[in-house]
Amino acid sequence: MSLLSFRKTKDTVAPTVSPEMEAFLKDYSIEVMPRTAEKIDDFRDLLPEGTRVYIAHIEGTPIEDMVATAKRLATDGYNVMPHFPARIIKDEATLGDWIARYQGEANVDQALLLAGGVGEPHGCYHSSMQLLETGQFDKAGFTRLHVAGHPEGNRDIDKDGSDKNVMDALRWKQKFSETTDADMALATQFAFEADPIIAWADALRDAGITLPVHIGIAGPAKLQTLIKFAIACGVGPSLKVLQKRAMDVSKLLLPYEPTDVLSQLAAHKAAHPEFNITNVHFFPLGGIKTNANWAIANGGASAVPASQS
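Summarised in this report is the structure supplied together with it. This one's a predicted model, so the numbers in the text were calculated from it and none came from an experiment.

**A closer look at unusual backbone geometry**
Link 1 in the chain: At Asp27, a position not held by glycine, the phi torsion is positive, near 60 degrees.
Link 2 in the chain: Inspection of the secondary structure assignment puts Asp27 in the loop between helix H1 (19-24) and strand E3 (29-32).
Link 3 in the chain: In this structure, Asn107 is a non-glycine residue whose phi angle is positive, near 55 degrees.
Link 4 in the chain: Among the structural elements, Asn107 can be located in the loop between helix H4 (92-106) and strand E6 (110-114).
Link 5 in the chain: Take Asn107: its relative accessible area is 66%, and that puts it in the exposed class.

**A short note on the packing of helix H8 (residues 194-206) against helix H12 (residues 259-271)**
Link 1 in the chain: Contact geometry for H8 and H12: axes closest at 9 Å, N-to-C directions at 40 degrees. Classified by the angle between their axes, H8 and H12 sit oblique to one another. You can see that H8 and H12 cross each other, and the crossing is right-handed. On H12, the residues touching Ala194, Ile197 and Ile198 of H8 are Val261, Gln264, Leu265 and His268.
Link 2 in the chain: Class assignment for the residues of the contact of H8 with H12 results in 5 nonpolar, 2 polar and no charged.

Cut-off values and rules
Residues numbered from 1 in each chain as written. Predicted model: local features only at pLDDT ≥ 70, side-chain atom pairs only at ≥ 80, totals over all residues. Heavy atoms only, no water. Helix = DSSP H or I, 4+ residues; strand = E, 2+ residues; numbered from the N terminus. Buried < 20%, exposed > 50% of the residue type's maximum accessible area, 1.4 Å probe, protein only. Axes fitted to C-alpha atoms, helices over the stretch in contact; angles between N-to-C directions. Parallel < 35°, antiparallel > 145°, perpendicular 65-115°, else oblique. Left-handed = near helix turned anticlockwise from the far one by under 90°. Contact = heavy atoms within 4.5 Å. Nonpolar A, V, L, I, M, F, W, Y, C, P; charged D, E, K, R; others polar.

Listed below in structure tokens is the structure:
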């Protein structure tokens, strides 16, 4: 049963948000790209001040566009976390240039480090661990570094379907986190089913990996859009949740919303405060406005829109 109930007013039916859901969505983050950010007139109408906004760096995106987006968001009062995909960074000089630009023009001091989705590296890096080993982020005074997590495994890393290489990498990152002053966390790929997410997070803790988990969640979108992205991103077992929904004619044309999976995770967190999922990270696959408005309606924002302030 969803934690989201409803109360009827004179003119409308408004959602009543449970304390569990509101607490779970506190300090959520969201991901944008330069081209999607351009479609938003004013982020302050949609996101609470201080929201962490990741900027995805897709292959072929000029660094100038990335930095301009970072500057805009930082000026509006957001915590900006650009992606640093190892496989599209040519060399250590390029890495240093990117860091300097983000800091000098947008005052950025946090980053998501990941391998990146390209098959062949453009230069000398192929993993986030190599980026960490350069020491450039520590030298530049980055206070927060996030790395990738994969609740359903990663076939690019473990081609046999196991999680051996992924877990070895996470153990390395755990040890690295214990020797750096930067706050570190795992930002994960999106998934659609709560039970496997809970089992994966618990398995990490049992393996001694105590990095906080920021769980990736796909925002509201058309079912066909989600299935397309899920297949492209290698989402595995929980894809059956979408496939089952697609078989239901009554739901086929309705947009997907993440209410059920987040309700279950929020309930689990409330019952188990030590649960290592600490934050929600939204992938706005159906659009930034759609995702942000869903978050507002479900207790994830209390900011006064800029147009009303």
